[in-house]
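Commentary on secondary and tertiary structure
Here is what each chain is made of, one letter per residue.
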Amino acid sequence: SQTIHQWPATLVQPVGSPLSLECTVEGTSNPNLYWYRQAAGRGLQLLFYSIGIDQISSEVPQNLSASRPQDRQFILSSKKLLLSDSGFYLCAWSVQGARESPLHFGNGTRLTVT
Amino acid sequence: AQKITQTQPGMFVQEKEAVTLDCTYDTSDPSYGLFWYKQPSSGEMIFLIYQGSYDQQNATEGRYSLNFQKARKSANLVISASQLGDSAMYFCAMREGQFGSARQLTFGSGTQLTVLP
């Protein structure tokens, strides 16, 4: 069966520090991968999605970047965090080419920038 | 314009009763899919049910059913026989596009459901 791992679960970082959140998927190959952010009490905002290694689309101009160095690994990064980067970050995967395939989410990372 | 609209920020329901969570969507693409997710206070997103735009029948999954009214562009979630564990935030989401296209889900703002004992 497929599983998705996302870490860390919580993170407190000072303004101006770098960020690296990692996500890996097991049990499937060539998945679509996604990073979403959720502000407190709000819906989910898509940040990045990827259909393959080094194929990444950015949905919102921002202080963040994403990379996919391996087929089932997706990394969210920042060189210098801003206060506005605080939020709940969710990684997800879906089956390639299947409209009915739901997104399967990791447990999320709660990031607080101080 | 909002692609997914959930007009109920919060809902209350008595345990064992049914509840309907509203969702309307906006798309000009004839091919799309609609999804509902549950997010408990712990934060994980749990997939509940899917409805395709070409599906002839309303989707059902256990106590969850989707009241799909294509002409009205609505896809309301019905939870029957509510349980205390159903208390959570519920999100409606849509994917537009043909089979084979890599498309993200666009989410609504959510409805916080509270089940009362």
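One structure accompanies this document, and this report is about it. (Residues numbered from 1 in each chain as written. Chains lettered and ligands numbered in written order. Predicted model: local features only at pLDDT ≥ 70, side-chain atom pairs only at ≥ 80, totals over all residues. Heavy atoms only, no water.)

**Description of the side chain of Arg37 of chain A**
All names here are of chain A. In plain terms, the rule: Helix and strand assignments follow DSSP, with helices taken as H or I runs no shorter than four residues and strands as E runs no shorter than two, numbered in order from the N terminus. Throughout this description, a polar contact denotes any pair of N or O atoms lying within 3.5 Å of each other; where both atoms belong to protein, one of them has to be capable of donating a hydrogen while the other can accept it, and for residues adjacent in sequence the pair is counted only when both atoms sit in side chains. Working rule for contacts: check all heavy atoms of both residues, and any pair within 4.5 Å makes them a contact.
Here Arg37 is to be found in strand S4 (residues 32–38). A polar contact of 3.1 Å, which involves the side chain of Arg37, links it to the side chain of Tyr89. Each residue touching Arg37, except ones within four places of it in the same chain, is listed here: Gly43, Leu44, Gln45, Leu47, Gln62, Leu64, Ser84, Asp85, Phe88 and Tyr89.

**Some details on unusual backbone geometry**
This is how the line gets drawn: In this scheme, a residue with accessible area under 20% of its type's maximum is buried, one over 50% is exposed, and one in between is partly exposed, where area comes from a 1.4 Å probe on protein chains only.
Between Trp7 of chain A and the following residue, Pro8 of chain A, the backbone shows a cis peptide bond with an omega angle of 0 degrees. The backbone of Lys16 of chain B sits at a positive phi, close to 80 degrees, despite the residue not being glycine. Phi is positive for Lys73 of chain B, which is not a glycine, with a value near 55 degrees. For Lys73 of chain B, a relative accessible area of 30% puts it in the partly exposed group.

**Examining the sheet that holds strand S7 (residues 65–70) of chain A**
Residue and element names in this part refer to chain A. Going by this rule: The rule for pairing is simple: two strands pair if DSSP sees at least two bridges between them. For every element, the axis is a line fit to its C-alpha atoms; helices are fit only across the contacting stretch, and the angle between N-to-C directions ranges from 0 to 180 degrees.
Pairing is antiparallel in the open sheet, where four strands are placed in the order S1-S3-S8-S7. This sheet does not close on itself; its edge strands, each paired only once, are strand S1 (3–7) and S7. Adjacent strand axes in the sheet meet at a mean angle of 20 degrees, parallel and antiparallel pairs treated alike.

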